[in-house]
Amino acid sequence: MADNKLLQAILDQIVALKTETVSGFKTVTERLDKLGEQIAELEDDTPTIKEFDDLKGRVEHLETRFASA
């Protein structure tokens with residue numbers, strides 16, 4: 001009978017560990033989903049290379065214009 005209790009205790013620990021692992025993965029997956037949404041949102045707000053180059057040209061033009069003044 002003692003062997004059955006020992007085996008049951010081991011099985012209970014295995015089941016608890018598995019349950020804990022599954023809930024841990026769920027938490028990690030939810031966090032990754034949130035981060036993915038945030039990154040996508042930031043990506044939408046970033047300027048394109050053309051917009052950045054145009055802005056760089058405008059800033060350089062203003063720098064030369066005000067440096068000579």
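Preceding this paragraph is the structure being described.
Let us look at the structure shown here.

1. Some words on a nonpolar patch on the surface
Here comes step 1: Where nonpolar side chains cluster on the molecular surface, the patch consists of Leu6, Leu7, Ile10, Leu11 and Ile14 and spans about 490 Å² of accessible area.
Here comes step 2: Relative to the elements of secondary structure, Leu11 occurs in helix α1 (residues 2-45).
Here comes step 3: The partly exposed category is assigned to Leu11, whose relative accessible area is 48%.

2. Comments concerning the pattern of salt bridges
Here comes step 1: Enumeration over the complete set of coordinates arrives at one salt bridge.
Here comes step 2: A salt bridge links Asp54 to Lys50, with the shortest nitrogen-to-oxygen separation between them at 3.2 Å. Pair noted here: Asp54 and Lys50 are both in helix α2 (residues 49-67), with a separation of four residues, about one helical turn.
Here comes step 3: For Asp54, a relative accessible area of 41% puts it in the partly exposed group.
Here comes step 4: Look at Lys50 and you get exposed, because its relative accessible area is 58%.

What counts, and at which threshold
Along each chain, residue indices are assigned from 1 in the same order as the chain's sequence is written. In keeping with the predicted nature of the model, local features appear solely for residues at pLDDT of at least 70, side-chain atom pairs appear and are counted solely at 80 or more, and the whole-chain, interface and lining totals rest on all residues. By convention in this description, side-chain values take in all heavy atoms of the structure and omit both hydrogens and water. Exposure above 30% relative accessible area and the lack of any salt bridge qualify a residue for a patch; like charges then connect within 9 Å, and the nonpolar side chains Val, Leu, Ile, Met, Phe, Trp and Tyr within 5 Å. Note on areas: these come from Shrake-Rupley sampling with a 1.4 Å probe, and a residue is covered only by the protein chains present in the view. By definition, a salt bridge exists where a carboxyl oxygen of Asp or Glu is found within 4 Å of a side-chain nitrogen of Lys or Arg. By definition, any uninterrupted DSSP run of H or I lasting at least four residues is a helix, any uninterrupted run of E lasting at least two residues is a strand, and each is numbered from the N terminus. Burial classes follow relative accessibility: with a 1.4 Å probe on protein chains only, a residue under 20% of its type's maximum area counts as buried, one over 50% as exposed, and anything between as partly exposed.

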